[in-house]
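Observations on the model geometry
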Amino acid sequence: MQGLLVEYALSAPPLSLVFEFNPQQLGRSRSVEITLSDTPATRGGYDFASPTETPRVSQGVSVSPESFDVEILLDATDRMAQGHPIATTAGVEPELDTLRTMVEPKIQGPEGLQTLASLGLSGERAFQRDESASVILFVWGSHVLPVFLKAIDVQETAHLPSLVPYRANVTLTLQVIESNNPFYQVEKIRQAIGAGLNSASTPSHLIGGIY
């Protein structure tokens, strides 16, 4: 199937990338830091005897943002065979340039447009010269996740005679933006519904004696 990366910003031109996405595996990582008491009696957590007492077992918790490692394929072979004018001369270089532009710091340019910090086109006000990371929407299947693109690793595997790549494997490192934004809120609702569906399909006799 196809996936999509699109920069969520006022930018000229808008940055977007459609890619082939049919991975055999997709790495998703989330971790939490649990705060426990230092006293010997409660070092492994406070006592509890019922579900209503479980919130007191730990003294706090902090959650690290979820991260992804995604491998995608950029391939201009079919477009080259069809005589596509850009693909036949530039291969997948425009797609790679898009990824490089997405991962680099941005500044707020004239009229609020977001531009590459390295171009030096910031506005006159101090806050417009502050560099920031792009907010990217990672779209695949039923998911639309707001992410930071933290790293790209490109392996060019085929080239035109001009040494321009027309096929490349790219590994993207993404970090989910878990703030109060509409995209993440929708994903959390989808997650809660999915967990509910799983609970509804679990045979009640398997857990009935636990509570």
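Residues numbered from 1 in each chain as written. Predicted model: local features only at pLDDT ≥ 70, side-chain atom pairs only at ≥ 80, totals over all residues. Heavy atoms only, no water.

A few words on the layout of surface pockets. Empty space among the atoms can be located by rolling a probe the size of a water molecule over them. In this structure, the second largest pocket spans a volume of roughly 200 Å³. Forming the boundary of the second largest pocket are Gln2, Val18, Phe19, Glu20, Leu73, Leu74, Asp75, Thr77, Asp78, Arg79 and Glu95. (1 Å grid on protein atoms, 1.4 Å probe; cavity = no way out; pocket = protein on both sides within 12 Å on 5 of 7 lines; lining within 4 Å. Points joined across faces, edges and corners; volume = space filled by probe spheres on them.)

Turning our eyes to something else, we now look at the pattern of salt bridges. Under the definition given, this model contains 9 salt bridges. The salt bridge involving Glu178 is made with Arg30; its shortest N-O contact spans 2.4 Å. With Glu178 in the loop between strand S11 (165-176) and helix H4 (182-201) and Arg30 in the loop between strand S3 (27-29) and strand S4 (32-35), the pair connects residues that are 148 residues apart, well separated along the chain. Judged by relative accessible area, Arg30 falls into the partly exposed class, the value being 38%. (Salt bridge = Lys/Arg side-chain N within 4 Å of Asp/Glu carboxyl O. Helix = DSSP H or I, 4+ residues; strand = E, 2+ residues; numbered from the N terminus. Buried < 20%, exposed > 50% of the residue type's maximum accessible area, 1.4 Å probe, protein only.)

What follows is about the environment of Thr89. Position of Thr89 relative to the elements: it lies in helix H2 (residues 85-90). For Thr89, a relative accessible area of 56% translates into the label exposed. Taking the C-alpha atoms as reference, Thr89 lies 9.9 Å from Pro165; in sequence the two are 76 residues apart. Look past the residues within four positions of Thr89 in its chain and what remains in contact with it is Leu160 and Val164. (Contact = heavy atoms within 4.5 Å.)

Inspection of the sheet shows strand S9 (residues 136-140) paired to strand S10 (residues 143-159) by 5 bridges, in the antiparallel sense. Bridge pairing in S10 places Val139 opposite Val144. Between S9 and S10, which pair antiparallel one after the other, the connecting turn spans 2 residues, and Gly141 there sits at a positive phi close to 55 degrees. Both S10 and S11 contribute to a ladder of 11 bridges, which runs antiparallel. From the neighbouring strand, Leu149 faces S11, where its bridge partner is Leu174. In textbook terms, the turn of a hairpin is the stretch between consecutive antiparallel strands, and for S10 and S11 this stretch comprises 5 residues, one of which, Leu163, has a positive phi near 70 degrees. (Pairing = 2+ DSSP bridges.)

Centre distance and the angle of the planes are the two values used to describe a pair of aromatic rings. Inspection of the entire model under this criterion finds 4 aromatic pairs. The interplanar angle of 75 degrees and the centroid separation of 5.7 Å between the aromatic rings of Phe68 and Trp140 together place this pair among those described as edge-to-face. With a gap of 72 residues between them, Phe68 in strand S6 (residues 67-75) and Trp140 in strand S9 connect regions that are remote in the sequence. Comparing Phe68 with Trp140, the two get one shared label, buried. Between Phe138 and Trp140, the ring centres sit 4.7 Å apart and the planes meet at 20 degrees, which makes this aromatic pair stacked. (Phe/Tyr/Trp six-rings, centres within 6.5 Å; stacked < 30°, edge-to-face > 60°.)

For the rest of this paragraph, the subject is the side chain of Glu187. Here Glu187 lies in helix H4. Judged by relative accessible area, which is 5%, Glu187 ranks as buried. Non-local contacts of Glu187, meaning those with residues more than four positions away in its chain, are made with Arg28, His143 and Leu145.

Attention shifts here to the nonpolar core. Core analysis: the largest hydrophobic core is formed by 31 residues, its most contacted members being Leu74, Leu99 and Phe138. Sorting the residues of this core by element identifies strand S2 (16-20), S6, helix H3 (93-103), S9, S10 and S11 as the ones contributing at least two each. When residues of this core are assigned to their parent elements, the largest contribution, 6 residues, is made by S11. Setting aside its immediate chain neighbours within four residues, Leu99 contacts Leu5, Leu17, Leu74, Leu149, Ile152, Val170 and Leu172. (Core = buried A, V, L, I, M, F, W, Y, C linked by side-chain atoms within 4.5 Å.)

From the geometry alone we can't say anything about function, so treat these as descriptive.
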